[in-house]
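Each chain is listed here by its residues.
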Amino acid sequence: MRLVLTEFVTLDGVSQGPGSPTEDTSDGFMRGGWLVPFIDETFVRRTADWLALADGLLLGRRTYDAFARDWPQITDPDDPFTERMNALPKYVVSRTLTEGSWHPTTVISSLDGVAELKKLPSGELQIHGSARLGDALVKAGLVDLVRLVVAPTVIGAGRRLFEHSDDTAGLKLTKHESTPSGLLLLEYETVGVAPVAAYEGVSAFV
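Please read these numbers as outputs of a predicted model, since none were measured by experiment. (Residues numbered from 1 in each chain as written. Predicted model: local features only at pLDDT ≥ 70, side-chain atom pairs only at ≥ 80, totals over all residues. Heavy atoms only, no water.)

K.L.:
Sorry if this is basic, but what is going on with the layout of surface pockets here?
P.N.:
Over the atoms rolls a probe the size of a water molecule, and its path tells where empty space is left. Each pocket or cavity is described by its volume, and for the largest pocket that value is around 1,200 Å³. In this structure, the largest pocket is lined by 44 residues; those nearest its centre are Phe8, Pro18, Glu23, Phe67 and Gly129. Every element with two or more residues in the lining of the largest pocket is listed here: strand 1 (2-10), helix 1 (41-52), helix 2 (61-70) and helix 5 (131-139). Top element by residues in the lining of the largest pocket is helix 2. It accounts for 7 residues. Here the lining of the largest pocket is built from residues that sort into 21 nonpolar, 13 polar and 10 charged. (1 Å grid on protein atoms, 1.4 Å probe; cavity = no way out; pocket = protein on both sides within 12 Å on 5 of 7 lines; lining within 4 Å. Points joined across faces, edges and corners; volume = space filled by probe spheres on them. Helix = DSSP H or I, 4+ residues; strand = E, 2+ residues; numbered from the N terminus. Nonpolar A, V, L, I, M, F, W, Y, C, P; charged D, E, K, R; others polar.)

Structure, rendered in C-alpha cells:
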C-alpha cells in the first residue's frame with residue numbers, strides 16, 4: 001500500500017484550519033478558513049479524484065477527533081466527499097485512544113504499525129490533515145507521495161507542515177496544475193534526503 005500525504009497549505013506553509021475560522025483554534029489560532037475563498041470546481045474535481053484512489057485513511061488523534069465529529073453530520077447528497085470519507089477504513093495513530101467512534105476505525109499505537117499497514121496489497125493509504133503525523137512519517141521515510149494544495153495567501157501564524165523535522169527530505173515534482181482561483185495542485189514523490197550543491201556559475205547548468 002502506498003502512503004500518500006495530502007495537505008492544504010498557505011504560501012508560508014501553514015496547514016492549520018483551512019476550512020473554517022473555528023475548525024482548529026488550538027494554541028490560540030484565529031486565522032482559519034484561508035482555503036475557502038479559493039475553492040473552485042477544478043479543486044473539487046481533483047481532490048475528489050484523489051480521494052477515489054484511497055483504500056484507507058490514516059489520521060492523527062487531533063484530526064481524527066475533528067473528522068469523527070464533523071463528517072458524519074454532513075448529509076448533502078451532492079457532496080462528492082462525504083460518502084467516501086465515512087465509508088473508508090480509518091486508522092488512527094494514538095497511544096491514548098483505545099477505540100474509535102467513526103466506524104470502521106482501527107487504532108494504531110506506533111509508526112511500526114503504519115509500516116505494517118503499508119504491506120497490505122492495495123492502493124493508497126492517505127493522510128489528510130494530521131500535519132504532525134505526516135511530518136513524523138516523512139522523517140521516518142514511510143511517505144511515498146506528497147500531494148499539496150497551496151493557497152495564494154500568507155497567514156503569518158499557525159501550525160506549519162514539516163516544521164518539526166530534524167532531517168531533510170528530497171522531493172521530485174511529478175505533477176502540477178493551477179486552478180482558476182489560483183490554487184496550486186502539486187504532487188511529489190519522495191526521494192530520500194534533500195540534495196545540496198555549491199553554485200559554480202551558470203555554465204554548469206547549460
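K.L.:
Explanation requested: the side chain of His128 in the structure shown.
P.N.:
Here His128 is to be found in strand 5 (residues 124-128). What makes His128 buried here is its relative accessible area of 15%. A distance of 2.8 Å separates polar atoms of two side chains, one belonging to His128 and the other to Gln126. Contact partners of His128, with chain neighbours within four places excluded, come to Thr6, Leu51, Leu57, Leu58, Leu59, Thr63 and Phe67. (Buried < 20%, exposed > 50% of the residue type's maximum accessible area, 1.4 Å probe, protein only. Polar contact = N/O pair within 3.5 Å; in protein donor to acceptor, adjacent residues only side chain to side chain. Contact = heavy atoms within 4.5 Å.)

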